[in-house]
Amino acid sequence: MILDKFKLDNDIVVITGGAGLLGRRYAKALLEAGAVVILFDINKDALEDVKKLYRDYEDKLLTFVVDITREESVQNAMLSIRDTLSKDPTILINNAAIDPKFEKNSKINKSRLENFELSQWNLELSVGLSGAMICTKIFGTQMAKNYKGVIINVASDLGVIAPDQRLYRQEGLSEEEQNVKPVTYSVIKHALIGLTKYTATYWADKGIRCNAFAPGGVYNNHSEDFTRRISNLIPLGRMANIDEYEATILFLCSDASSYMNGATLNMDGGRSIW
Ligand SMILES: NC(=O)c1ccc[n+]([C@@H]2O[C@H](COP(=O)([O-])OP(=O)(O)OC[C@H]3O[C@@H](n4cnc5c(N)ncnc54)[C@H](O)[C@@H]3O)[C@@H](O)[C@H]2O)c1
């Protein structure tokens with residue numbers, strides 16, 4: 001049966017940033033497909049929320065407070081997983097990221113490249129990029145020993161195209177005061193596609209596939225003005241709905257994508273082709 005290819009009954013999935021907006025949605029989809037799902041997040045309360053939300057799956061959902069920027073934190077979680085399940089994870093979804101908030105209407109707008117602070121650069125790269133490398137190193141090494149594994153790096157449409165800074169403009173502010181999509185976002189998301197190609201070739205002979213997922217923005221109560229502007233840049237004329245990426249993640253995790261390796265799957269309503 002073709003639908004059997006989507007089943008994850010023998011899989012253990014780690015989702016980093018798993019308590020966030022999208023991570024928790026992926027968790028539900030993968031639980032429904034039969035996987036054991038393990039969420040890593042630094043936000044303990046959000047992890048508790050997810051556990052409550054999915055209490056029907058309590059035997060199959062594990063949560064760990066893990067800071068993925070700290071190698072020993074990830075290593076300890078890996079050892080706890082092995083103690084608890086007597087098996088290693090077979091799927092890793094590098095999904096965690098920091099969504100930085102910059103003070104708006106400030107004379108010195110720190111989101112702008114001219115004012116961008118190195119400490120902010122280091123902070124964001126440590127989660128979005130170094131964190132993905134650390135998890136890939138630790139779980140990928142085990143997967144390679146077991147000759148089985150799937151790694152997904154969550155990039156973005158802005159891992160493929162440059163941000164259109166006109167989207168973020170606000171009336172009445174001078175050029176220097178305007179907020180922009182920070183340089184870190186572009187760099188991290190493009191770099192994750194590089195990490196994907198590296199990993200996809202590095203361990204291809206060890207039964208590991210690695211792909212990048214490049215989703216467009218999900219509508220999450222954005223302002224009317226922003227929603228209209230961004231929709232104009234998208235051939236489908238709208239942002240994504242919150243539930244539109246779950247089946248894609250299931251596809252990427254499962255044998256339904258067994259011949260896909262080193263690819264970047266764009267799913268952005270067509271924004272990146274316009
Ligand atoms: N939401 C969108 O519209 C959208 C669009 C394109 C790509 N993406 C990407 O999808 C991914 C998920 O997005 P989201 O909207 O769910 O983000 P989110 O901010 O809701 O979730 C990110 C999670 O990562 C966790 N996190 C931060 N630092 C961490 C650390 N050091 N260790 C462990 N966990 C940490 C946060 O606590 C949070 O729960 C991100 O990589 C994001 O860039 C999102």
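Here, the structure is the one placed above.
Residues numbered from 1 in each chain as written. Predicted model: local features only at pLDDT ≥ 70, side-chain atom pairs only at ≥ 80, totals over all residues. Heavy atoms only, no water.

Describing the overall build of the protein
What counts is decided by this rule: Put simply, DSSP marks the helices as runs of H or I at least four residues long and the strands as runs of E at least two long, and each gets a number from the N terminus on. A radius of gyration in this sense is built from C-alpha atoms; the matching globule rule multiplies 2.2 Å by the number of residues raised to 0.38. Here's how the labels work: a residue is buried when its accessible area is under 20% of the maximum for its type, exposed when over 50%, partly exposed in between, all with a 1.4 Å probe on protein chains only. Whether two residues touch is decided by their heavy atoms; if any such pair falls within 4.5 Å, the residues are in contact. To measure how exposed things are, a 1.4 Å probe is used in the Shrake-Rupley method; for residues, cover is taken only from the protein chains shown. Only four residue types enter the charge count: Lys and Arg as positive, Asp and Glu as negative, with His and the chain ends excluded. For this purpose, a charge sits on NZ of Lys, CZ of Arg, CG of Asp or CD of Glu.
The secondary structure content of the protein amounts to seven helices and seven strands. Along the protein, helices (α) and strands (β) appear in the sequence β-α-β-α-β-α-β-α-β-α-β-α-α-β when read from the amino end. At 19 Å, the protein has a C-alpha radius of gyration in line with the 19 Å of a compact globule built from 274 residues. With the C-alpha coordinates aligned to their principal axes, the bounding extent of the protein is approximately 60 × 40 × 40 Å. For the protein, buried positions account for 50% of its 274 residues. The long-range fraction of contacts in the protein, counting pairs at least 24 apart against all pairs at least 6 apart in sequence, stands at 76%. A total of about 14000 Å² of accessible surface is found on the protein, and carbon and sulfur atoms cover 52% of it. Taken as two groups, the 32 positive and 35 negative side-chain charges of the protein have centres that lie 2 Å from each other.

A look at the pairing of strand β5 (residues 149-154)
What counts here: In this description, strands pair whenever DSSP reports at least two bridges between them. Throughout, right-handed denotes a crossover for which the path from the first strand over the helix to the second runs clockwise when the strands point away from the viewer.
For β5, the buried fraction is high: six of the six residues fall into the buried class. Here β5 shows a buried face lined by Gly149, Ile151 and Asn153 and a second buried face lined by Val150, Ile152 and Val154. Pairing geometry for β5 and strand β6 (residues 208-215), over six bridges, is parallel. Across the sheet, residue Asn153 finds its bridge partner in β6, namely Ala212. Read as a crossover between parallel neighbours, the route from β5 over helix α5 (residues 183-202) to β6 is right-handed.

So, the pattern of salt bridges
Put simply, the rule is: When a carboxyl oxygen of Asp or Glu lies within 4 Å of a side-chain nitrogen of Lys or Arg, that pair is called a salt bridge.
Per the stated rule, a full pass over the model turns up 19 salt bridges. A salt bridge links Asp11 to Lys148; its shortest N-O distance comes to 3.7 Å. With Asp11 in the segment before β1 (12-16) and Lys148 in the loop between α4 (118-146) and β5, this pair connects stretches of sequence that are 137 residues apart. Taking relative accessible area as the criterion, Asp11 reaches 10% and is therefore assigned buried. Judged by relative accessible area, which is 43%, Lys148 ranks as partly exposed. The salt bridge involving Glu114 is made with Arg112; its shortest N-O contact spans 3.7 Å. Exposure remark for Glu114: the relative accessible area of 61% places this residue in the exposed category. Looking at Arg112, the relative accessible area reads 11%, which means it is buried. Through salt bridges with shared partners, one network takes in Arg112, Glu114, Arg169 and Glu175.

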